[in-house]
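Summary of the model geometry
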Amino acid sequence: MNWLLLLEQILNGFQLGLLLFLLAAGLTLVFGIMDMVNLAHGSLYMMGAYFCATFTGWTGSFLIGALLTLPAVFILGVVVEIVALRTLYARDHLDQVMATFGLILFFNEATRLIWGPIGLAIPLPDFLNQTVEIIPGVPYPAFRLAIIITGFLVAGLLYFIVSRTKLGMLIRAGASNRDMIGALGINIRLLFTLVFGLGAALAGLAGLMAGPILSVEIGMGESILILTLVVIVIGGIGSIKGAFIAAILIGLIDTVGRSFLPEILDLILPSQTAATAAPAISSMMIYLLMALVLAIKPQGLFPPKGVGQ
Amino acid sequence: MTLSSRQLINTALLAFLALLPFFTDWVGDSFYTGLVARILILAIAALSLNLLIGYGGMVSFGHAAFVGVGAYVVGIGTFHAFEDGVDWMMNGYIQLAFALLVSAVVALTIGAISLRTRGVYFIMITMAFSQMLYFSAVGVETYGADDGLSIYSRSDMLGLIDLNDEKSLYYLIFVSLLLVLFLMHRLIGSAFGNVIRGSKSNEARMRAIGFSPYKYRLTAFVIAGTIAGYAGFLMANLNDFVSPDMMHWTRSGDLIIMILLGGMASLFGPLYGALAFLMLEELLSSIPLTIGGLHVGEYWQLIFGPLLILVVLYARNGVDSFLPGARKGS
């Protein structure tokens, strides 16, 4: 086994995991507090990438583009919440699934109308577009490292907000008993809108960071949406801690599994069979993990107290 | 026997569908027979899903996987018959039996695990299982991976009916639809159907009077999966093609949209929904309007998406609420 490759893949796993966490954090809050299934979360991720590509094109700088993208996606999230989603909180999950499915269709088609069917690229500044030696002799792309660092910083910030601030207190209170904090005189509508906007901004951040690595294209939100749903379901809906642990776990398993599963299978299966089965099994692994977790703990690994009766 | 006005509308629709190939013969355009055949197959799949969603309250978000399983049985059978000369794999009855058997076994496995969960978790886990099947179809190079499998010859029904004749295939599909409608009608009215519906509206009470909903739900899940597998068998023969895309989670979403468009609480709802869904697609994508050099029809989902939201928000029972005798409220 190639240890340097393994190290690189583990870092890549963390990078994917942290991106997933940024998406999952917003989604799990919306899920947990408002009891709302939002399939259009992936569309906000896509919009983050498209906004960033546009702003970077206008300003000529990725960093300024990124800084402009965050408030833009926040505002977009707030608008979507007020226009379309607000009335859905009281509905059952089926209605929410369908209405947000409609939003996905709308966003994909609107994107195709505005930006055209061909994907975009986000050019990186030179200092991010190079490799750094993480340990002597092991080069690693600076941008991926930047994603990992940003991801950890945002996770830390989010932990601080949720557990140490007034807003965080309200969020946690909202997650455990919505009606009660409404009765205590908190403007719950405003709180929901803020939380949704925050989740949108986090999704946008994930999108703008994924943009330079993957390509910015229509439908990019859907494949990652499914992964994000897997993450929050494994983590336990409404739990930020669960989302974080599950995101890292999924990121590592998916990335490391894809590169090493063929070798592992080769040891136990005839090489012909292994070569055929490996790609299928490695893309199935995280779903197997999810099925396994739910079969044992139907509420996910960290079901938050008070939610999910 | 007198028919209510609603039954008259339903009967008129079925009569129209029965005579459709003759109309298209008369017009001289068989395109619509193919389109309606596709709609009817999707209606069969949506009807089976409605047993779970509409009557059982189980929002399964992976139903297209069973359609895919049934279709792949035909595709794989034909593939081996052509590549390896295994002639019995062309036999339509064997293909059909395997399509039903395999989709039933897959539904039993998925259902047994998924039904342990509730609510959002159930939605997600069924979606995850269907994605698993989707990725395994994408991963298997032998059977075409991403590109899918072309079906060079339709299932051989040993002279009883010739599926290569478009009209015979259409009538097979139409009669299948009638049978599934009848089966659903009987099922929903039976004691079994009452337990399924009762478990949706009040599970605790069902338990209190001595029913364990799990077994009943699992049975319903297997029945629905098997019927969807049958729809897949028909779909493979109609399209002469199977691909992983048939199992993608958005296809499952389409089936749910059909149920929602048609109205969940009625037997015929999914049929109306499937008709409405594909007709809307045809209509919206052929809007002859051009604004600033942009052909509006090309971006039909821009209209369809918000329309879907409006249906969810304001026309909860879809087409059903516009038919006479619709239940008010809820």
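Since the model is a prediction, treat every value here as computed from it, not as a measurement.

Rules behind the numbers
Residues numbered from 1 in each chain as written. Chains lettered and ligands numbered in written order. Predicted model: local features only at pLDDT ≥ 70, side-chain atom pairs only at ≥ 80, totals over all residues. Helix = DSSP H or I, 4+ residues; strand = E, 2+ residues; numbered from the N terminus. Rg over C-alpha atoms; globule rule 2.2 N^0.38 Å. Buried ≥ 20, exposed ≤ 12 C-beta atoms within 10 Å, placed from the backbone. Contact = placed C-beta atoms within 7 Å. Nonpolar A, V, L, I, M, F, W, Y, C, P; charged D, E, K, R; others polar. Arc of directions from axis to C-beta. Core = buried A, V, L, I, M, F, W, Y, C linked by C-beta atoms within 7 Å. Axes fitted to C-alpha atoms, helices over the stretch in contact; angles between N-to-C directions. Parallel < 35°, antiparallel > 145°, perpendicular 65-115°, else oblique. Pairing = 2+ DSSP bridges. Left-handed = near helix turned anticlockwise from the far one by under 90°. UniProt positions renumbered as here; feature names shortened; annotations may be inferred. pLDDT = per-residue confidence, 0-100.

In terms of regular secondary structure, chain B is built from 12 helices and four strands. Computed over C-alpha atoms, the radius of gyration of chain B comes to 20 Å, within 12% of the 20 Å expected from 2.2 N^0.38 for 330 residues, which places it in the range of a compact globule. Burial status across chain B gives 48% buried among its 330 residues. Excluding contacts between residues fewer than 6 apart, the proportion of contacts in chain B whose partners are at least 24 apart in sequence is 75%.

Attention now goes to the overall build of chain A. Scanning chain A from terminus to terminus reveals 11 helices and two strands. Listing each helix as α and each strand as β along chain A from the N terminus yields α-α-α-α-β-β-α-α-α-α-α-α-α. Radius of gyration (C-alpha) of chain A: 20 Å, near the 19 Å computed for a compact globule of 309 residues. With the principal axes as the frame, chain A shows a C-alpha extent of 60 × 50 × 40 Å. In chain A, buried positions account for 48% of the 309 residues.

Looking now at the environment of Thr193(A). Residue and element names in this part refer to chain A. Here Thr193 shows up in helix 8 (residues 188-210). Taking the C-alpha atoms as reference points, Thr193 and Leu85, 108 residues apart in sequence, are found 9.8 Å from one another. Setting aside anything within four residues of it in sequence, one finds Thr193 in contact with Val78, Glu81 and Ile82.

This next bit is on the interface of chain A and chain B. Accessible area lost when the parts come together is the quantity often used to give the size of an interface. On the chain B side, the residues contacting the 35 residues of chain A number 36 residues. Of all elements in the fold, only helix 4 (93-115), helix 9 (220-235) and helix 11 (271-296) of chain A reach the threshold of two or more residues within the side of chain A that touches chain B. The element best represented in the side of chain A that touches chain B is helix 4 of chain A, accounting for 16 residues. Per-class residue counts for the side of chain A that touches chain B are 26 nonpolar, six polar and three charged.

Residues and elements named next belong to chain B. Among the residues of helix 7 (residues 191-201), Val195, Ile196 and Ser199 are the ones counted as buried. Angular distribution of buried residues about the axis of helix 7 spans 100 degrees; they occupy a single face of the element. Opposite the packed face of helix 7, turned more than 90 degrees from it, sit the exposed residues Ala191 and Ser201. Those residues of helix 7 that are buried lie in contact with helix 2 (31-55), helix 8 (203-208) and helix 9 (213-239).

Moving on, we come to the nonpolar core. Formed by 201 residues in total, the largest nonpolar core has its most connected members in Val230(A), Val231(A), Met290(A) and Ile41(B). Discounting residues that sit within four places of it in the chain, Val231(A) has contacts with Leu20(A), Ala24(A), Ala243(A), Ala246(A), Ala247(A) and Ile250(A).

A separate point is the packing of helix 2 of chain B against helix 10 (residues 249-262) of chain B. Residue and element names in this part refer to chain B. Where helix 2 meets helix 10, the closest approach of the two axes is 9 Å, and the angle between their N-to-C directions is 75 degrees. Considered as vectors, helix 2 and helix 10 are oriented roughly perpendicular to each other. Contacts between helix 2 and helix 10 involve Leu42, Ala45, Ala46, Leu49, Asn50, Ile53 and Gly54 from the first element and Leu255, Ile256, Met258 and Ile259 from the second. Its residues assigned to classes, the contact of helix 2 with helix 10 comprises nine nonpolar, two polar and no charged.

On to the environment of Arg91(A). All names here are of chain A. Relative to the elements of secondary structure, Arg91 occurs in the loop between helix 3 (62-85) and helix 4. Look at Arg91 and you get partly exposed, because 17 C-beta atoms sit within 10 Å. Sequence spacing of Arg91 and Thr56 is 35 residues, and the spatial spacing of their C-alpha atoms is 39 Å.

Tracing the backbone shows Ser103(B) in helix 4 (residues 92-114). Taking the C-alpha atoms as reference points, Ser103(B) and Ile309(B), 206 residues apart in sequence, are found 32 Å from one another.

Here we come to the pairing of strand 2 (residues 138-141) of chain A. All names here are of chain A. Pairing of strand 1 (residues 131-135) with strand 2 involves four bridges; the strand directions are antiparallel. Bridge assignment links Glu133 to a residue of strand 2, and that residue is Pro139. Where strand 1 hands over to strand 2, the hairpin turn is made up of two residues, of which Gly137 adopts a positive phi near 90 degrees.

Quick look at the packing of helix 1 (residues 3-34) of chain A against helix 8 of chain A now. Residues and elements named next belong to chain A. Between helix 1 and helix 8, whose axes approach to 8 Å, the crossing angle comes to 160 degrees. The angle between helix 1 and helix 8 falls in the class roughly antiparallel. Viewed along their axes, helix 1 and helix 8 form a crossing whose handedness is left-handed. Contacts from Leu19, Leu22, Leu23, Ala25, Gly26, Leu27, Leu29, Val30, Ile33 and Met34 in helix 1 reach Phe192, Val195, Phe196, Leu198, Gly199, Ala200, Leu202, Ala203, Leu205, Ala206, Met209 and Ala210 in helix 8.

Residues and elements named next belong to chain A. With numbering aligned to this structure, UniProt lists the feature "transmembrane region" (unreviewed entry) at residues 12-32, 44-64, 70-89, 101-122, 142-162, 190-214, 226-253 and 274-296. Taken end to end, residues 142-162 is 100% helix and 0% strand, and its two terminal C-alpha atoms sit 30 Å from one another. Helix makes up 84% of residues 190-214 and strand makes up 0%, while its end C-alpha atoms are separated by 35 Å.

A positive phi is found at Asp240(B), a non-glycine position, where the angle reads about 55 degrees. Mapped onto the elements, Asp240(B) comes out in the loop between helix 9 and strand 2 (241-242).

What follows deals with the confidence of the model for chain B. When the pLDDT values of chain B are averaged, the result is 87; 97% of them are 70 or greater. Scoring the predicted complex yields pTM 0.88 and, for the interface, ipTM 0.82.

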